[in-house]
Amino acid sequence: MNNPEDTKLVTLATNTLARSGSAQAAALRDTTGRTYVAINVLSPSLNLDAFEAVLTVALASGITGIESVVATGTQPANVKAIKDFAPTATVFYVDGTGKEELL
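Residues numbered from 1 in each chain as written. Predicted model: local features only at pLDDT ≥ 70, side-chain atom pairs only at ≥ 80, totals over all residues. Heavy atoms only, no water.

Considering the environment of leucine 46
Locating leucine 46 in the fold gives a position in the loop between β3 (41-42) and β4 (47-48). In this structure the C-alpha to C-alpha distance between leucine 46 and threonine 64, which are 18 residues apart in sequence, comes to 25 Å. (Helix = DSSP H or I, 4+ residues; strand = E, 2+ residues; numbered from the N terminus.)

Comments concerning the sheet that holds strand β6 (residues 90-94)
Overall, mixed pairing links the five strands, which are arranged β2-β1-β5-β6-β7 in an open sheet. Whereas interior strands pair on both sides, the edge strands pair on one side only; in this sheet they are β2 (35-39) and β7 (100-102). The mean angle between the axes of side-by-side strands here comes to 20 degrees, regardless of whether they run parallel or antiparallel. Running over the sheet, helix α1 (residues 4-20) touches β1 (24-30), β2, β5 (66-73) and β6 and is turned about 145 degrees from β1. Sheet strands touched by helix α2 (residues 50-60): β1, β2, β5 and β6. Its angle to β2, the strand with the most contacts, is close to 135 degrees. (Pairing = 2+ DSSP bridges. Axes fitted to C-alpha atoms, helices over the stretch in contact; angles between N-to-C directions. Contact = heavy atoms within 4.5 Å.)

Re α1
For the α-helix, the turn length of 3.6 residues means that residues three or four positions removed from each other point alike. With 17 residues, α1 ought to run about 24 Å at 1.5 Å a step, and its terminal C-alpha atoms sit 24 Å apart, in line with that. Looking at where α1 begins, the residue whose side-chain oxygen comes 2.7 Å from the main-chain nitrogen of glutamate 5 is asparagine 3. Phi turns positive, to about 70 degrees, at glycine 21, one or two residues after α1. (Expected span 1.5 Å × (residues − 1). Polar contact = N/O pair within 3.5 Å; in protein donor to acceptor, adjacent residues only side chain to side chain.)

Geometric descriptors of this kind do not, in isolation, establish any biological role.
Okay, here's the thing in structure tokens:
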């Protein structure tokens, strides 16, 4: 990852994953530079992967655009949730070994 701001997102997502003990975590940077983090939500009545959860948190804060999103843990399935809102957003997945995948 060449962008230091994206490296910060990896750190945020990785720390959130470790702290929460969840299966997934994601960190999002909006077009104003604000960041948001979220984990996957799994309950009998609500299931959100980390991409859906972090997008929900960011939208609730009034974002108008997304620059980048990084997920860690198990790979979230719904990249479309991010890309539908921000088609030009950079979306990464970083596995437990640190290997990056552009989604």
